[in-house]
Amino acid sequence: MPPGITLAADAPTLSAANTGFMLICSALVMLMTPGLAFFYGGMVRVKSTLNMLMMSFISLGIVTILWVLYGFSLAFGTDSGSLIGWSSDYVGLSGIGLTQLWDGYTIPVYVFAVFQLMFAIITPALISGALADRVKFTAWALFVALWVTVVYFPVAHWVWGAGGWLFELGVIDFAGGTAVHINAGAAALGVILVIGKRVGFKKDPMRPHSLPLVMLGAGLLWFGWFGFNAGSWLGNDDGVGAVMFVNTQVATAAAMLAWLAYEKVRHGSFTTLGAASGAVAGLVAITPSGGSCSPLGAIAIGAIAGLVCAMAVGLKYKLGYDDSLDVVGVHLVGGVAGSLLVGFFATGGVQSDAKGLFYGGGFDQLGKQAIGVFAVLAYSLVVSALLAFLIDKTMGMRVSEDDEISGIDQVEHAETAYDFSGAGGGAGSRKAASAPADTVAAAPQNKKVDA
């Protein structure tokens, strides 16, 4: 993603076309957070559906306010020591002129700020999928506020801010492989290592309650991701954003097919959950790399990511960490893969002249990518685990075991996702209506309660 620096000799002027394009892209990225909510909401059991939706939606509220108050200033203000930014004009967005341009570009600062806000919102929401079924909503809300402040805002500055140390090093991250996906995936791993496993992990079936909801969420994510990726060039003047748009579609398709092929060979079936997960894996991997590769390279990156992520999601059963909805397996692993593959597939002819190993660039860019990947991974993992530990020791991070078994929706939100009381008449219907929601949902297929 272009940082806020001036490159051109002539001062740019406001472009109505680029401004309108970026506002549309901002709206598309905003749509990704509700899309993620549906994606995650369909993957959990009935009794956790609303909580999963709310864990994404609350990020829209908390992060928006913090971004306006100080987040934009920390992430994109004047650099201090290559680690953090700060500009008093950005505090409260109070010192920004209506037509003041983002340095070196043809869009207003306000447009850049709102576009970046949408990235800040969805990143902590990604973490929530790893914590399904077991986290207090108040503790999660506090974690989001603290995490974006001490992890996301600084990392965004490292990667994209003028003077940020990873940007100055030459790490390529077009739209968020490190700052968004590795950051969120590593954070998810850190938190689940602190709070522990769900009740019944590896013993009880924990199948998705609504695969159509999962597919709907995946479709919204795919749609919104065009704004996420193509918009990250901050304009439409030189064709780079168009290449990124094409590569986003190509890599996502390749990843979905690769995941499905792996499933067929490994398990004998093509699943809808696999198609949705494969698509997301491709979207994750092309996010850092799509501005530096060709469409053929995007096919390779997507296929590699689909295969690697499909294999990675099973690690939680072997290693014993309970990543509820495979945030580690898809976002961390996919983000690492996509970021490192820049060092192989960068052509030197799209966003920059940096070339990867397959295009005669040697190991130089790969080394830079590795530094970026592991610096963000380590920082996010450690700090996120520490935040979770402190919250757990003070207010408690998890609901009680009884509340987890009975259902976090009812306990935390006093609601249930589905009301079966009006589903027909007669004694049988009254009996079904009085049964727990999971029993009603599972009985037709499984003949037993899926706790």
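Above this text sits the structure in question.
Since this is a predicted model, take the numbers as computed values, not measurements. (Residues numbered from 1 in each chain as written. Predicted model: local features only at pLDDT ≥ 70, side-chain atom pairs only at ≥ 80, totals over all residues. Heavy atoms only, no water.)

**Brief notes about the packing of helix α7 (residues 211-230) against helix α9 (residues 272-289)**
Geometrically, a packed helix pair is captured by the angle between its two axes and the distance between the axes.
1) Next: Taken N-terminus to C-terminus, the directions of α7 and α9 make an angle of 15 degrees; their axes are 9 Å apart at the nearest point. Judged by the angle between their axes, α7 and α9 are roughly parallel. Our pair here, α7 against α9, has a crossing hand that is left-handed. For the pair α7 and α9, the contacting residues are Leu211, Val214, Met215, Ala218, Leu221, Trp222, Trp225, Phe228 and Asn229 in the first and Thr272, Leu273, Ala276, Ala279, Val280, Leu283, Val284, Ile286 and Thr287 in the second.
2) Next: For the contact of α7 with α9, the class distribution of residues is 15 nonpolar, three polar and no charged. (Axes fitted to C-alpha atoms, helices over the stretch in contact; angles between N-to-C directions. Helix = DSSP H or I, 4+ residues; strand = E, 2+ residues; numbered from the N terminus. Parallel < 35°, antiparallel > 145°, perpendicular 65-115°, else oblique. Left-handed = near helix turned anticlockwise from the far one by under 90°. Contact = heavy atoms within 4.5 Å. Nonpolar A, V, L, I, M, F, W, Y, C, P; charged D, E, K, R; others polar.)

**Regarding a nonpolar patch on the surface**
1) Next: On the surface, a nonpolar cluster with roughly 210 Å² of combined accessible area is contributed by Leu142, Leu146 and Met395.
2) Next: In this structure, Met395 sits in the loop between α13 (364-394) and α14 (401-406). (Patch = residues over 30% accessible without salt bridge, like charges linked within 9 Å, V, L, I, M, F, W, Y side chains within 5 Å. Areas by Shrake-Rupley, 256 points an atom, 1.4 Å probe, with all protein chains shown as cover. Salt bridge = Lys/Arg side-chain N within 4 Å of Asp/Glu carboxyl O.)

**Observations concerning the packing of aromatic side chains**
1) Next: According to the stated counting rule, one finds 26 aromatic pairs in the structure shown.
2) Next: The interplanar angle of 15 degrees and the centroid separation of 4.2 Å between the aromatic rings of Phe226 and Phe245 together place this pair among those described as stacked. Separated by 19 residues along the polypeptide, Phe226 in helix α7 and Phe245 in helix α8 (residues 240-267) bring together distant segments of the chain.
3) Next: Ring pairing ties together the aromatic residues Trp67, Tyr70, Phe72, Phe76, Tyr90, Trp102, Phe112, Tyr152 and Phe153, which thus form one cluster. (Phe/Tyr/Trp six-rings, centres within 6.5 Å; stacked < 30°, edge-to-face > 60°.)

**Some remarks on unusual backbone geometry**
1) Next: A positive phi angle, close to 85 degrees, is found at Asp133, a residue other than glycine.
2) Next: With respect to the helices and strands, Asp133 occurs in the loop between α3 (109-128) and α4 (137-160).
3) Next: Taking the relative accessible area as the measure of exposure, Asp133 reaches 4% and is therefore buried.
4) Next: Even without being a glycine, Leu234 presents a positive backbone phi close to 65 degrees. (Buried < 20%, exposed > 50% of the residue type's maximum accessible area, 1.4 Å probe, protein only.)

**Focus: the nonpolar core**
1) Next: Phe72, Trp102 and Leu131 are the most contacted members of the largest nonpolar core, which totals 111 residues.
2) Next: It is α4 that provides the largest number of residues to this core, a total of 15 residues. (Core = buried A, V, L, I, M, F, W, Y, C linked by side-chain atoms within 4.5 Å.)

**Let's talk about the packing of α4 against α13**
1) Next: Contact pair α4 / α13: the axes reach a minimum separation of 10 Å and the direction vectors enclose 155 degrees. Regarding the angle of α4 to α13, the classification is roughly antiparallel. Read as a crossing pair, α4 and α13 show a hand that is right-handed. Only Ala375, Val376, Tyr379, Ser380, Val383, Ser384, Leu387, Ala388 and Ile391 of α13 make contact with α4, whose side of the interface consists of Ala139, Leu142, Phe143, Leu146, Trp147, Val150, Val151, Val155 and Trp158.

**Thoughts on the pattern of salt bridges**
1) Next: Under the counting rule described, the total for this entry stands at six salt bridges.
2) Next: In this structure, the salt-bridge partner of Asp133 is Arg198, at a minimum N-O distance of 3.4 Å. Highlighted residues: Asp133 in the loop between α3 and α4 and Arg198 in the loop between α6 (177-195) and α7, separated in sequence by 65 residues. Here Asp133 matches Arg198 in class, with each residue buried.
3) Next: Beyond isolated ion pairs, a larger network of salt bridges with shared partners links Arg45, Asp133, Arg198 and Asp322.

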